[in-house]
Amino acid sequence: MIRLLHLAAIAGLIASAIYAYSIKYDTLYQAEQVAKLKTRLRKERDAIAVLRAEWQLLTRPDRLQGAVTKYLDLEPIGTAHLGRLADLPAKADRGDEIARKLEALGLGATATPAAKERAPSTTAARSDEPRTTGSTSTPTRTVTPTAKR
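About the thresholds
- Every chain's residues receive numbers from 1 upward, in the order its sequence appears when written.
- Per-residue local features of the predicted model are confined to residues with pLDDT of at least 70, and side-chain atom pairs are confined, for both listing and counting, to 80 or more; whole-chain, interface and lining totals are unaffected and use all residues.
- Side-chain descriptors were evaluated using all non-hydrogen atoms of the structure, hydrogens and water having been removed beforehand.
- Put simply, DSSP marks the helices as runs of H or I at least four residues long and the strands as runs of E at least two long, and each gets a number from the N terminus on.
- Summary of the burial criterion: residues with accessible area below 20% of their type's maximum are buried, those above 50% are exposed, and those between are partly exposed, where the area comes from a 1.4 Å probe applied to protein chains only.
- Using a 1.4 Å probe, accessible areas were evaluated by the Shrake-Rupley method; residue-level cover was limited to the displayed protein chains.
- Residue-level confidence of the predictor is summarised by pLDDT, bounded by 0 at the bottom and 100 at the top.
- Whether two residues are in contact is decided by their heavy atoms: any pair within 4.5 Å suffices.
- Like-charged residues within 9 Å of one another, or nonpolar side chains (Val, Leu, Ile, Met, Phe, Trp, Tyr) within 5 Å, are grouped into patches, provided each residue has over 30% relative accessible area and no salt bridge.
- Here a salt bridge means any side-chain nitrogen of Lys or Arg lying within 4 Å of a carboxyl oxygen belonging to Asp or Glu.

Colleague: Even after reading the chapter, I still don't get the overall build of the protein, so can you show me in this structure?
Modeller: Within the protein, the secondary structure is distributed over 4 helices and 0 strands. Listing the helices and strands of the protein from first to last along the sequence gives α-α-α-α. Among the 149 residues that make up the protein, the fraction classed as buried is 2%. Accessible area for the protein stands at about 15000 Å²; split by element, carbon and sulfur atoms hold 62% of it.

So, in structure tokens, the structure goes:
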């Protein structure tokens, strides 16, 4: 019985030694991979630094000015190049887009009035006013005198 116990202990010792060595060599392999990646990272950072230096060299103002005068026919901006705000075309009235989309889907009547139901006199009379999202009518307040007590 003691021999069997000795053999089991020796087998356990050999198995634990094999496991410890496999963990050790796996750790060494992973450390080697980390060292390789650090080297590659350092090389990539050096390459990025070189590219940034080249970019700064290529975008120097004196070099760009020489290229502009050589290849482009530019002239200074004068008042003839500027436009007025009144020269821009007016923004088109888009109307009620949601109602149009609902009608296109075949959903029929909506709670909002359609653009074609609006009176044309209200839009023509107020074309110079800015558009708002609220009511177009102005609220009026009536003040009633209160009796003194």
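Still to come is the rest of the account.
Colleague: Looking at this structure, I do not really get the confidence of the model for the protein. What am I missing?
Modeller: Should the pLDDT be low somewhere, the predicted coordinates at that spot are not to be read in detail. Of the residues in the protein, 72% have a pLDDT of 70 or more, and the chain-wide mean is 80. No element of the protein has a lower mean pLDDT than helix H4 (residues 120-125), which averages 48, and none a higher one than helix H1 (residues 2-58), which averages 96. Scored below 50 in pLDDT, residues 121-127 makes 1 contact in the model with residues more than four places away or belonging to other chains.

Colleague: Would you explain a nonpolar patch on the surface in this entry?
Modeller: Where nonpolar side chains cluster on the molecular surface, the patch consists of Ile10, Ile14 and Ile18 and spans about 290 Å² of accessible area. Summarising the element assignment, Ile14 is placed in helix H1.

Colleague: I keep staring at the pattern of salt bridges and nothing clicks. Help me out?
Modeller: Side-chain pairing between opposite charges can occur once the charged atoms of the two side chains come close. Going through the model one piece at a time under the given rule, you end up with 3 salt bridges. Where Arg60 meets Asp62, a salt bridge forms, and the shortest distance between an N and an O atom there is 3.1 Å. You can call Arg60 partly exposed: its relative accessible area is 33%. With a relative accessible area of 52%, Asp62 lands in the exposed category. With a closest N to O distance of 3.3 Å, Arg84 and Asp87 form a salt bridge. Taking the relative accessible area as the measure of exposure, Arg84 reaches 59% and is therefore exposed.

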